[in-house]
Amino acid sequence: MPNVFPPEFAALEPFADWAIHSEKARYAKRVASTMEELHAFYDVAYPLLQEHTAYLEKVELDGIGDQDKHLLWAFCSLVTVAFPVEAWGQPRVPDSGPSSIDAVVEPAV
């Protein structure tokens with residue numbers, strides 16, 4: 001099976017299911033995940049994002065390859081899980097009930 005992500009991000013391979021294209025689907029995965037699952041993904045993805053910023057700055061969106069596209073989606077998922085991990089301690093926004101926010105326009109990538 002080919003790698004989902006570029007070689008520099010091989011540590012993310014066990015989390016390939018976080019490379020989700022749409023915001024709505026990323027949110028659904030977040031709220032369906034346990035805090036242990038969110039922490040496991042965050043604890044691998046966040047340091048990689050910090051360590052390889054130079055790589056990411058060189059990625060061109062015009063003609064972006066599949067591995068880089070999956071990486072972009074995984075880091076969009078990282079943004080989706082950051083607040084639950086860093087602040088809330090739970091997958092849902094505290095005191096928000098069943099509310100949700102739906103993106104009207106998704107990135108074209």
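Conventions we followed
Residues numbered from 1 in each chain as written. Predicted model: local features only at pLDDT ≥ 70, side-chain atom pairs only at ≥ 80, totals over all residues. Heavy atoms only, no water. Axes fitted to C-alpha atoms, helices over the stretch in contact; angles between N-to-C directions. Helix = DSSP H or I, 4+ residues; strand = E, 2+ residues; numbered from the N terminus. Parallel < 35°, antiparallel > 145°, perpendicular 65-115°, else oblique. Left-handed = near helix turned anticlockwise from the far one by under 90°. Contact = heavy atoms within 4.5 Å. pLDDT = per-residue confidence, 0-100. Phe/Tyr/Trp six-rings, centres within 6.5 Å; stacked < 30°, edge-to-face > 60°. Buried < 20%, exposed > 50% of the residue type's maximum accessible area, 1.4 Å probe, protein only.

## Describing the packing of helix α2 (residues 35-51) against helix α4 (residues 66-88)
Then, in step 1: Across the interface, α2 lies against α4 with an axial gap of 9 Å and an inter-helix angle of 120 degrees. As judged from the angle between their axes, α2 and α4 are oblique. Crossing angle aside, the handedness with which α2 passes α4 is left-handed. Contacts between α2 and α4 pair Met-35, Leu-38, His-39, Phe-41, Tyr-42, Ala-45, Tyr-46, Leu-48 and Leu-49 from the former with Ala-74, Phe-75, Ser-77, Leu-78, Val-81, Ala-82, Pro-84, Val-85 and Glu-86 from the latter.

## Structural notes on the confidence of the model for the protein chain
Then, in step 1: Summarising the model, the protein chain shows a mean pLDDT of 89, and 85% of its residues fall at 70 or more.
Then, in step 2: Looking over the protein chain, one finds the lowest element-wise mean pLDDT in helix α3 (residues 53-58), namely 89, and the highest in α2, namely 96.

## Looking at the packing of aromatic side chains
Note on aromatic pairs: each is described by the distance of the centres and the angle between the planes.
Then, in step 1: Applying the stated criterion across every chain, the model contains six aromatic pairs.
Then, in step 2: Taking 4.8 Å as the distance between ring centres and 10 degrees as the angle between the ring planes, the aromatic pair formed by Trp-18 and Phe-41 counts as stacked. Linking Trp-18 in the segment before α1 (23-32) with Phe-41 in helix α2, this pair joins segments that are 23 residues apart in sequence.
Then, in step 3: Classification of Phe-41 by relative accessible area gives buried; the value is 0%.
Then, in step 4: Following the ring pairs from residue to residue traces out a cluster consisting of Phe-9, Tyr-55 and Phe-75.

## Focus on the environment of Phe-75
Then, in step 1: Mapped onto the elements, Phe-75 comes out in helix α4.
Then, in step 2: Along the backbone, Phe-75 and Leu-48 are 27 residues apart, and their C-alpha atoms lie at a distance of 9.8 Å.
Then, in step 3: Leaving out residues up to four positions away in the same chain, Phe-75 has contacts with Phe-9, Leu-12, Ala-45, Leu-48, Leu-49 and Leu-56.

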